[in-house]
Amino acid sequence: MESNHKQPNLEVRVKNIIEVDGLKFKDLNNSGKLEPYKDWRLSPKERAENLVSLMNLDEKVGMMLINTRQMGLTQKDKSKTSHDGVLDEGIVEKGETIFALEKVYGTTHTIENMHLRHFILRDNWSPAQMAEWVNTMNEVCEGSRLGIPCLIASNSRNENTEFIFGMNDAAGIFSTWPGTLGLAAAAKGEIKNGGDASLISQFAEIAHDEWDAVGIRKGYMYMADTATDPRWQRTYGTFGEDPEFISDAIGRIIDGFQGENVGKHSIAMTTKHFPGGGARENGFDPHYAEGKWNLYPTPGSLEKYHLPPFQAAVNHGTSSIMPYYSIPSIKKSVVQQFEGKDIPFEEVGFTFNHYFINHILRERLGFKGYVNSDSGVTSKMCWGVEDKSEAERFAKAVNAGTDLVADTNDITNLKKAIENGWISEKRINEANVRLLTEMFALGLFDDRTYVSPEQAASVVSNQANWDAAYEAHKKSVTILKNSNQTLPLTADKLGNQKVYVEVFHKEPERATAYTEKARQECVELGQFTLTDNYEEADIAMLFLSPKSGAYFNATPGLLELEICEDKTETALDGTTYQETTLSGMDHLKEVADSIHVRGGKVIMSVNVILPWILGNIEPLADVLIAGYDTYYKAQYEVMAGNCRPVGVLPLTLPASEAVIAVDEEGNCVSRNDVPGYDKDKYMPAGLEYAYKDSDGNVYKLGHGLTY
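The shown structure was predicted, so the numbers you read here are calculated from the model rather than taken from an experiment.

The rules behind the values
- Residues numbered from 1 in each chain as written.
- Predicted model: local features only at pLDDT ≥ 70, side-chain atom pairs only at ≥ 80, totals over all residues.
- Heavy atoms only, no water.
- Axes fitted to C-alpha atoms, helices over the stretch in contact; angles between N-to-C directions.
- Helix = DSSP H or I, 4+ residues; strand = E, 2+ residues; numbered from the N terminus.
- Parallel < 35°, antiparallel > 145°, perpendicular 65-115°, else oblique.
- Left-handed = near helix turned anticlockwise from the far one by under 90°.
- Contact = heavy atoms within 4.5 Å.
- Nonpolar A, V, L, I, M, F, W, Y, C, P; charged D, E, K, R; others polar.
- Pairing = 2+ DSSP bridges.
- Patch = residues over 30% accessible without salt bridge, like charges linked within 9 Å, V, L, I, M, F, W, Y side chains within 5 Å.
- Areas by Shrake-Rupley, 256 points an atom, 1.4 Å probe, with all protein chains shown as cover.
- Salt bridge = Lys/Arg side-chain N within 4 Å of Asp/Glu carboxyl O.
- Lys, Arg positive; Asp, Glu negative; His and termini not counted.
- Charge placed at Lys NZ, Arg CZ, Asp CG, Glu CD.
- Core = buried A, V, L, I, M, F, W, Y, C linked by side-chain atoms within 4.5 Å.
- Buried < 20%, exposed > 50% of the residue type's maximum accessible area, 1.4 Å probe, protein only.
- Polar contact = N/O pair within 3.5 Å; in protein donor to acceptor, adjacent residues only side chain to side chain.
- Expected span 1.5 Å × (residues − 1).
- Arc of directions from axis to C-beta.

Participant: Go over the packing of helix α6 (residues 198-214) against helix α14 (residues 453-460), please, and point to the residues and values.
Facilitator: The N-to-C vectors of α6 and α14 enclose an angle of 160°; their axes lie 8 Å apart at closest approach. Our classification of the angle between α6 and α14 gives roughly antiparallel. Viewed along their axes, α6 and α14 form a crossing whose handedness is left-handed. Facing α6, whose interface residues are Asp209, Glu210, Ala213 and Val214, α14 presents Gln455, Ala456, Val459 and Val460. In terms of residue class, the contact of α6 with α14 is made up of five nonpolar, one polar and two charged.

Participant: I'd love a proper account of the sheet that holds strand β8 (residues 218-219), names of residues and values included.
Facilitator: Reading around the circumference, β3-β6-β7-β8-β9-β11-β15-β16 is the order of the eight strands in this closed barrel, with parallel pairing throughout. Inspection of the sheet shows strand β3 (residues 65-68) paired to strand β16 (residues 404-406) by two bridges, in the parallel sense. Paired with leucine 65 across the bridge in β16 is valine 405. On the sheet, helix α13 (residues 425-441) packs against β6 (118-120), β7 (151-154), β8, β9 (268-274), β15 (370-375) and β16 and is oriented at approximately 100° with respect to β15.

Participant: Now, about a negative patch on the surface: what can you tell me, with residues and values included?
Facilitator: Together, Glu535, Glu565, Asp566, Asp586 and Glu590 give the surface a local cluster of negative charge. Take aspartate 586: it is sitting in helix α18 (residues 585-597).

Participant: So what's going on with the nonpolar core? Residues and values would help.
Facilitator: Ranked by size, the top nonpolar core spans 131 residues in total, and within it Phe239, Phe257 and Leu436 carry the most contacts. Ranked by residue count, the leading element in this core is α6, at nine residues. Residues contacting phenylalanine 257, with those up to four places away along its chain left out, are Ala204, Ala207, His208, Trp211, Met221, Tyr222, Ser266, Ile267 and Met269. In this structure, Leu542, Ile595, Leu651 and Tyr689 belong to the second largest nonpolar core, which totals 44 residues.

Participant: Would you mind going over the pairing of strand β20 (residues 539-545) in detail, with residue names and values included?
Facilitator: A large share of β20 lies buried, amounting to seven of its seven residues. Burial of β20 is two-sided: the residues Ile539, Met541, Phe543 and Ser545 facing one way and the residues Ala540, Leu542 and Leu544 facing the other way are all buried. Relative to β20, strand β18 (residues 498-505) is paired through seven bridges, and the arrangement is parallel. From the neighbouring strand, histidine 505 faces β20, where its bridge partner is serine 545. The sheet contact formed by β20 and strand β23 (residues 601-607) spans six bridges and is parallel. Across the sheet, residue methionine 541 finds its bridge partner in β23, namely isoleucine 603.

Participant: Please give an account of the environment of alanine 48 that cites residues and values.
Facilitator: For alanine 48, the location among the structural elements is in helix α1 (residues 44-54). Counting along the chain gives 580 residues from alanine 48 to tyrosine 628, while the straight-line C-alpha distance between them is 43 Å. Those residues in contact with alanine 48 that sit more than four places away from it in its chain are Val433, Leu436, Thr437 and Phe440.

Participant: Kindly report on the packing of helix α15 (residues 463-476) against helix α19 (residues 632-640), identifying the contributing residues and their values.
Facilitator: Here α15 crosses α19 at 55°, and the two axes come no closer than 8 Å. In terms of orientation, α15 lies oblique with respect to α19. Considering the relative orientation of α15 and α19, their crossing is right-handed. From α15, Tyr470, His473 and Lys474 reach across to α19, where they touch Lys633, Ala634, Glu637 and Val638. Partitioned by chemical class, the residues of the contact of α15 with α19 number three nonpolar, one polar and three charged.

Participant: How would you sum up the side chain of arginine 393? Please name residues and give values.
Facilitator: By the secondary structure assignment, arginine 393 is in helix α11 (residues 390-400). A polar atom in the side chain of arginine 393 sits 3.1 Å from the backbone oxygen of lysine 388.

Participant: Which residues make up helix α17 (residues 508-525), and what are the values?
Facilitator: The end-to-end C-alpha distance of α17, which contains 18 residues, comes to 26 Å, matching closely the 26 Å that a straight helix rising 1.5 Å per residue would cover. Those residues of α17 lying buried are Ala511, Thr515, Ala518, Glu521, Cys522 and Leu525. Seen along its axis, α17 keeps its buried residues to an arc of 135°; they face one direction. In α17, the exposed residues that point more than 90 degrees away from the buried face are Glu509, Thr512, Glu516 and Val523. Along its buried surface, α17 packs onto β18, β19 (529-530) and α19. Once α17 ends, the next one or two residues include glycine 526, with phi positive near 70°.

Participant: Lay out the sheet that holds strand β24 (residues 623-627) with the relevant residues and their values.
Facilitator: Strands pair in a sheet through their backbones, by hydrogen bonds, and they do so in one of two ways: parallel or antiparallel. The strand order across the open sheet formed by six strands is β17-β24-β23-β20-β18-β19, and the pairing between neighbours is mixed. For this open sheet the edge positions go to β17 (478-482) and β19, each flanked by a neighbour on one side alone.

Participant: Which residues make up the pattern of salt bridges, and what values do they have?
Facilitator: By the definition in use, this model includes 41 salt bridges. For lysine 415, the salt bridge identified is with aspartate 58, shortest N-O distance 2.7 Å. With lysine 415 in helix α12 (residues 411-419) and aspartate 58 in helix α2 (residues 57-63), this pair connects stretches of sequence that are 357 residues apart. Using a relative accessible area of 24% as the deciding quantity, one classes lysine 415 as partly exposed. Relative accessible area serves as the criterion here: at 33%, aspartate 58 is assigned to the partly exposed category. Notably, a salt bridge pairs glutamate 190 with lysine 475, separated by 3.1 Å at the nearest N-O pair. Here lysine 475 lies in helix α15 and glutamate 190 lies in helix α5 (residues 180-192), a separation of 285 residues in the sequence. Given the relative accessible area of 23%, lysine 475 is considered partly exposed. Among the ionic contacts, a cluster of salt bridges with common partners joins Arg362, Asp403, Arg427, Glu430 and Arg434.

In structure tokens, the structure reads:
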């Protein structure tokens, strides 16, 4: 933690500055005296301990909750804003939206009367507008009794992706890189070529500068989960299935965003989802009841595959850790060990799980930071404690070691748990000291309360950052199949051949919009002669963006990984239903056949956000490419041979439905808790997990062709 005796440059907007020993301090509680918490010469922990001794119960309760907070710019009714439209003062009645699990009050009321000081920003306005909002929030905070500032958190903002609430709330304002799997594909490719994962470090350092300039000082990222169950909806937010690589990447992410210690320019990281969300029960997600279980049927899997990236996060000093919603299943697991000791499974979500948080995370892994629950654990995703009241759930979570409860403003039930004597004052003080130590270390009480909107705009518009991101897009492109050296399409190989470009998506209207964009980017590159009539084309470049399932609702049956349209599925209750992961499959085949009849070549790129089963499309392609929310233009550059392909698969693609089949008892033929590269160790005789294409390429972790 930083501590030096050089006078920081202090700015106040409401309170006064006092002078002591010829030095300046903020008089945050208007006392005219220098209490230890105002003294920037002391350590963050000393200051936090002093401040907690001055706080009343309501202030301590508010400190332990973090809630989503929208900007005034997002509020449609401008009469419900304050501070020239910057702050949102609207009230949302309980149950009005999926996230208003409690009544949501205006910003000023939430800060002044409910004493919340942690907020999640999901809005995506300009850097200067976000900076001004952060400043105005802190101005309101400064005016409160003790002048405690607020800390703004966000999910990832630097990845090129479609909006998904709670995973990718914001994209396209900060420098825009490929998805997390794309960063992994690029970095693993560089390692394969004799380099290292410094691309991840560069990403973290650049993103850090953008966040720091805007004043968003806490990141709900990145996922240290090892992807082992192929149907898990959140696979695309991981660094893949290789625990050793994920550990390296997570260490680099924390070093780049936080620095060696949490200090005045750190972005404090919250590494998620402890102890690893990849060991799902057949892909169902714990955002809904069907997905509440984590399974460990394989001896040693938790220690070997799932915990190492969290050990790396702790070793690199991650500021906080987010436990997963899920419950470890006794019935569908074998006894797991850690460092030679059996782990007792209590069947409650990891946020409520005393053994996992205290014995494994704190004692064994050596974690010193605070525990930040995932969103909605006391109201919706309260697996294993559904029968308890909300106040009892707060008690269970906090007593298990959770310090900050996410996406709620439910001060009533947390306070009730304390007043009923279910949580000790000592435990409440401990949580507050942990949370405030981070805020002091970040400089929020001193010279980092306010940021410059002008500087925010200039840092984020720095072209070098966007250029570095574009390089990563190019490096993420993974060539899975290249029959008869079709690529690269160099000028002499192309001659005056005509190229047809089309994008396919699950939603036809998106396919139309994206096709226009992909054609535009092809024209910008200026290396291909485009035609919009595939019947006269010599080469087709077809981009496939399949989608499967929904983040907050279970599919009636298992999540579909085949690329298909109107496929008849059987639901878990035995009824049938239709599933589509990509619209226009007949048209896709028609285009491919038309090109092939004339002796042309079909280049197909699949957006890998899940480990798709490629059997329905791979035979139609002369070239098969994997992208990971990778720009079209970057893919054209690789196709044209402007740069040699670097990317490799960060996870294994399954061979067929047969290798992920699930029986009546819900047991999967391949192990849910084992990564793709190791699944063959446990497969029945005659079944091999990885996909093998018509050229004999095996789509296993690390596969990627080059030229």
